[in-house]
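Summary of the model geometry
Each chain is listed here by its residues.
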Amino acid sequence: MEPAKLQLLRHAMQAYTWRLKALAANIANLDTPGYRRVSVSFEEALQQARHQIPGLRKPEEVEPRMRMENTPPVLEDELMELADTQMRTQLTTRACVSTST
């Protein structure tokens, strides 16, 4: 596997690991007064890197970012995000396995 692809997959797995931890914290603190939702961004920055002028920023250089939102978590939104993150994790894992063989 090319080092650039490996680095991109590594950053994706890091983003999904952080996101799962953030979602667990958000769900655990649903009833905590003053708690603000934690989120992890990755895909948006990756899309921007892929569609910008070549040479400015390579997709494999995109790293996940954790941020604090100004809103409290909502159970339904967190569960939808959890399902989405689980699917993305499975796809990334399969990509790692298929490219290493």
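Use the structure listed above.
The sections below set out a description of the structure shown in this document. Everything numeric in this text was worked out from a predicted model, so none of it was measured.

**So, the overall build of the chain**
A tally of helices and strands in the chain yields three helices and two strands. Counting helices and strands in the order they occur from the N terminus, the chain gives α-β-α-β-α. By principal-axis analysis of the C-alpha atoms, the chain measures approximately 45 × 30 × 15 Å. The burial tally for the chain puts 28% of its 101 residues in the buried class. Counting only carbon and sulfur atoms, one obtains 57% of the accessible surface of the chain, whose full area is about 6,900 Å². Here the chain holds 13 positive side-chain charges and 13 negative ones, and the gap between their average locations is 6 Å.

**Looking at the nonpolar core**
Counting residues in hydrophobic clusters, the biggest one holds twelve residues: L8, A12, A15, Y16, A22, Y35, V38, V40, F42, L46, A49 and V62. Of all the secondary structure elements, the ones that give two or more residues to this core are α1 (3-28), β1 (38-41) and α2 (43-51). Ranked by the residues each element gives to this core, the list is headed by α1, at five residues. Each residue touching Y16, except ones within four places of it in the same chain, is listed here: F42, E43, T85, R88, T89 and T92.

**A few points about the pattern of salt bridges**
A full pass over the atoms with the stated rule returns six salt bridges. A salt bridge links R37 to E78, with the shortest nitrogen-to-oxygen separation between them at 2.5 Å. Of the two residues, R37 sits in the loop between α1 and β1 while E78 sits in helix α3 (residues 75-100), which places them 41 residues apart along the sequence. When sorted by exposure, R37 lands in the same class as E78, which is buried. For the salt bridge of R88 with D84, the shortest nitrogen-to-oxygen distance reads 2.8 Å.

**Some points on the side chain of N26**
Looking at where N26 falls in the secondary structure, it is placed in helix α1. A relative accessible area of 0% places N26 in the buried class. Here the side chain of N26 touches Y35 through a polar contact of 2.8 Å, side chain to side chain. Polar side-chain contacts of N26 include one of 3.0 Å to the side chain of E78.

**Concerning the environment of M87**
Here M87 is to be found in helix α3. Looking at M87, the relative accessible area reads 48%, which means it is partly exposed. Considered as a pair, M87 and K58 are 29 residues apart in the sequence and their alpha carbons are 25 Å apart.

So, how was this worked out
Throughout, residues of each chain are indexed from 1 in the direction in which the sequence is written. Given that the model is predicted, a residue must reach a pLDDT of at least 70 before its local features are reported, and side-chain atom pairs must reach 80 or more before they are shown or counted; all residues, however, enter totals for whole chains, interfaces and linings. With hydrogens and water stripped out, all remaining heavy atoms of the structure feed into the side-chain values. By the criteria applied, helices consist of DSSP H or I runs no shorter than four residues and strands consist of E runs no shorter than two, each listed in order from the N terminus. Accessibility here uses a 1.4 Å probe with only protein chains present; expressed as a share of the type maximum, an area under 20% marks a residue as buried, one over 50% as exposed, and anything in between as partly exposed. For accessible areas, the Shrake-Rupley method is used with a probe of radius 1.4 Å. Any residue's cover is judged against the shown protein chains and nothing else. Charge convention: Lys and Arg are scored as positive, Asp and Glu as negative, and His as well as the terminal groups of each chain are ignored. A charged residue contributes its charge at one atom only: NZ of Lys, CZ of Arg, CG of Asp or CD of Glu. Each nonpolar core is a collection of buried residues, namely Ala, Val, Leu, Ile, Met, Phe, Trp, Tyr and Cys, held together in the definition by side-chain atoms within 4.5 Å. Residues are treated as being in contact if the distance between any of their heavy atoms lies within 4.5 Å. Take a side-chain nitrogen of Lys or Arg and a carboxyl oxygen of Asp or Glu: if they are within 4 Å of each other, that pair is a salt bridge. Definition of a polar contact: a pair of N or O atoms within 3.5 Å, with one able to donate and the other able to accept a hydrogen when the atoms are protein atoms, and with sequence-neighbouring residues admitted only if both atoms are side-chain atoms.

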